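# Secondary and tertiary structure notes
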Amino acid sequence: MADLMPRTALRLQPDGSTEQLPADRLAVGDLVLIRPGDRVACDGLIEEGTSALDESPVTGESVPISRGPGEAVVAGSINAEGAIRVRVTRAASDNTIARIIRMVEDATASRAPTQRFIERFSEWWTPGAMIVSLLVILLPPFLFGWDWSTSIYRGLAVLLIACPCALVISVPAAMASGLSAGARRGLLIKGGAALEAIGSATTVAFDKTGTLTEGRPRVTDVLPAEGRTAEEVLALAAAVEQGSSHPLAKAILAEAAARGVAVPAAEAQSAIPGRAVAGTVGDVQVSIGSPRHAREAGAALGPLEAELERLQGEGKTVSVVLAGGAVAALVALRDEPRADAAAGIAAISALGVRPVMLTGDNRRTCEAIAISLGLDAKAELLPDDKLREIRKLRERGTVVMVGDGINDAPALAAADVGVAMGGGTDVALETADAAVLKDRVTGVAELVSLSRATMANVKQNVAVAVGLKGVFLVTTLLGITGLWPAIMADTGATVLVTLNALRLLRWRPLP
């Protein structure tokens, strides 16, 4: 997680020169230069400059956000466009990344290990069995007139029957089979305690970006102005976006490639930080940017104004393509849900578990995704906000948190069980108790189903181990069975619980 912080920062001197120093030596009040492509080294306020900041590593916001003078920036975000000057408002020991690290540590330390029924039961099982065996040897000769050889024989048989081998192996055998069955399906679980807890979940909380969605924006709509075609305006937009590393630029270029659009060369390409990119295609001046940029350029949207409002209402980021100063098209982009997201949410609901979405993304996009997938959602949450939401949910029952990013780490640690998507960050994978390696939302429902199947197997094993021994204990005391049947019962119970546990290796999720 500390890798999110750059090792050095450029502090501006009063004379305008810059001084390179370790980022952890920045003090409140220092003025820092953040160049395009640099990772922000501090929490602070922009004093000069405008740029788009990629805050996805910290907040989960899927699209870079335009920031200007007076607006806050957070440590760990990436400056995608123009140079900005930032005034430090928090020392390195108290910036966003440092606080996330502390929250992970605190949440992890506050978690108590799960106490299994068998562990509590075994505290008195073995000494109790030895006492019963001793009583069977000592009391019957005086109370019932047994001879000593009979009481010793039956006492030893009772001791053998009470041997806890089958009972002790019943839980780990089932857990080992359950963990192995999960691994075969790409469901990695860090131990039996997590496997046990997942099945008792009442709520599954999802991050959005990179968990329920693909984690990268893609073009969803191209609406050309009258007299133009979608392919024509897409070619113009892709031409001026060539060479840019901006996520929206990559999405437009990918859409042009997918449609087989030939992208012409552009000249005099330039960027207006936080607003637009521009260039000349042939003899036409082309730009693609925000609706605000189009209005400031004096371009009238006309009939496309209603379409702009509709697309924004669907939680999409809309860019306006201008050609020769006139509106040529609207291009809408959004980080779309994974192909199996709706099926995964439906499967979780079918298991009687409530799915919710906790995200740092903007409210409009969040609500649009939530409605399409059919789950409740809370938006614009910072890492500590997610932590508070998880604690509230835990008051109502067991909570499973599913995420993939740095910003999810505190919530993953604070939840009863944290589940990381396999394509997520190393921090998420290290903090989580389980991982879905194939990036399948349906894998979360499979985890719940596997846990319940494993715990059902555990209960069956305990019932076989205790029930079989209970029956032979009574028959031995009554003289119906002797030492050899006791040996068979002890060995047989061990074999039965082992075979029953091995059935889990054939586990398959329900279609």
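Above this text is the structure in question.
Residues numbered from 1 in each chain as written. Predicted model: local features only at pLDDT ≥ 70, side-chain atom pairs only at ≥ 80, totals over all residues. Heavy atoms only, no water.

### Thoughts on the overall build of the chain
Helix and strand content of the chain: 18 helices and 22 strands. In the chain, which comprises 511 residues, the share counted as buried stands at 51%. Within the chain, contacts between residues separated by at least 24 positions form 66% of all contacts whose residues are at least 6 apart in sequence. (Helix = DSSP H or I, 4+ residues; strand = E, 2+ residues; numbered from the N terminus. Buried < 20%, exposed > 50% of the residue type's maximum accessible area, 1.4 Å probe, protein only. Contact = heavy atoms within 4.5 Å.)

### Description of the sheet that holds strand β14 (residues 276-281)
Hydrogen bonding along the main chain pairs the strands of a sheet, whether they run parallel or antiparallel. The 6 strands are arranged β12-β17-β16-β15-β14-β13 in an open sheet whose pairing can be described as antiparallel. Each edge of the open sheet is held by one strand with a lone partner, namely β12 (218-224) and β13 (267-272). Along the sheet, successive strands turn relative to each other by an average axial angle of 20°, direction set aside. Sheet analysis places β14 next to strand β15 (residues 284-289), joined by 6 bridges and oriented antiparallel. Bridge pairing in β15 links V281 to V284. (Pairing = 2+ DSSP bridges. Axes fitted to C-alpha atoms, helices over the stretch in contact; angles between N-to-C directions.)

### Side note on the environment of V448
With respect to the helices, strands and loops of the structure, V448 is situated in helix α17 (residues 442-477). For V448, a relative accessible area of 2% gives the class buried. V448 sits 100 residues away from I348 along the chain, and the two C-alpha atoms are 8.1 Å apart. Setting aside chain neighbours within four positions, we find V448 in contact with I198, G199, L351 and V353.

### Structural notes on the nonpolar core
Judged by nonpolar contacts, the single largest core of 48 residues is most densely connected at V204, F206, L212, V402, V419 and L447. Among the elements that take part in this core, α17 stands out by supplying 9 residues, more than any other. Excluding anything up to four places from it in sequence, F206 contacts T211, L212, I345, I348, P355, V356, M357, L358, M401, V402, V441 and V444. Core analysis: the second largest hydrophobic core is formed by 27 residues, L236, A237, L248 and I288 among them. (Core = buried A, V, L, I, M, F, W, Y, C linked by side-chain atoms within 4.5 Å.)

### As for the environment of A183
Mapping A183 onto the fold places it in helix α5 (residues 165-184). Taking the C-alpha atoms as reference points, A183 and A435, 252 residues apart in sequence, are found 9.8 Å from one another.

### A closer look at the sheet that holds strand β4 (residues 44-48)
Pairing is antiparallel in the open sheet, where 6 strands are placed in the order β2-β1-β3-β9-β4-β7. On the outer flanks of this sheet lie β2 (18-22) and β7 (72-73), each paired with one strand and no other. In the sheet, strand β1 (residues 8-12) pairs with β2 via 5 bridges, with the strands oriented antiparallel. Bridge pairing in β2 places L12 opposite T18.

### Focus: unusual backbone geometry
Not every positive phi belongs to a glycine, and A268 is a case in point at roughly 55°. By secondary structure assignment, the location of A268 is in strand β13. Under the relative-accessibility criterion, A268 is labelled exposed at 65%. Phi at E380 takes a positive value of approximately 55°, unusual for a residue other than glycine. The topology assignment puts E380 in the loop between β19 (376-378) and α14 (383-394).

### Re a nonpolar patch on the surface
Side chains of I131, L134, L135, L138, L139, F142, L143, F144, W148, I152 and L156 sit close together on the surface and give an oily, nonpolar patch of about 1,100 Å² of accessible area. Those elements giving two or more residues to the nonpolar patch turn out to be α2 (117-138), α3 (140-143) and α4 (148-161). Per-element tally for the nonpolar patch: the top contributor is α2, with 4 residues. Examined against the element boundaries, L134 turns out to sit in helix α2. Taking the relative accessible area as the measure of exposure, L134 reaches 48% and is therefore partly exposed. (Patch = residues over 30% accessible without salt bridge, like charges linked within 9 Å, V, L, I, M, F, W, Y side chains within 5 Å. Areas by Shrake-Rupley, 256 points an atom, 1.4 Å probe, with all protein chains shown as cover. Salt bridge = Lys/Arg side-chain N within 4 Å of Asp/Glu carboxyl O.)

### Describing the pattern of salt bridges
Enumeration over the complete set of coordinates arrives at 27 salt bridges. Linking E336 and R334 is a salt bridge whose minimum nitrogen-to-oxygen distance equals 2.5 Å. For the pair E336 and R334, one class covers both residues: buried.

### Here we look at the side chain of T365
Take T365: it is sitting in helix α13 (residues 363-373). Not counting residues within four places of it along the chain, the set of residues in contact with T365 comprises K208, G315 and R334.

### Concerning α13
For α13, every residue scored as buried is listed here: T365, C366, A368, I369, A370 and L373. Buried residues in α13 make contact with α7 (208-212), β17 (326-334), α12 (341-350), β18 (354-358) and β19. Where α13 terminates, the next one or two residues include G374, which has phi positive at roughly 80°.

### Focus: the environment of V320
As for its placement among the helices and strands, V320 is situated in strand β16 (residues 317-323). Each C-alpha atom of the pair V320 and G289 lies 5.5 Å from the other, and the pair is 31 residues apart in sequence. Setting aside chain neighbours within four positions, we find V320 in contact with S287, I288, G289, S290, P291, A294, L301, V327, A329 and L330.

### Observations regarding the packing of helix α8 (residues 230-241) against helix α9 (residues 247-258)
Put simply, α8 and α9 touch, their axes get as near as 9 Å, and they point 135° apart. Taken as axis vectors, α8 and α9 run oblique relative to one another. Seen along the crossing, α8 lies across α9 with a hand that is left-handed. Here α8 contributes L234, A237, A238 and E241 to the contact with α9, which in turn contributes A249, I252, L253, E255 and A256. (Parallel < 35°, antiparallel > 145°, perpendicular 65-115°, else oblique. Left-handed = near helix turned anticlockwise from the far one by under 90°.)

Remember that the coordinates give geometry; whether it matters functionally is a separate question.
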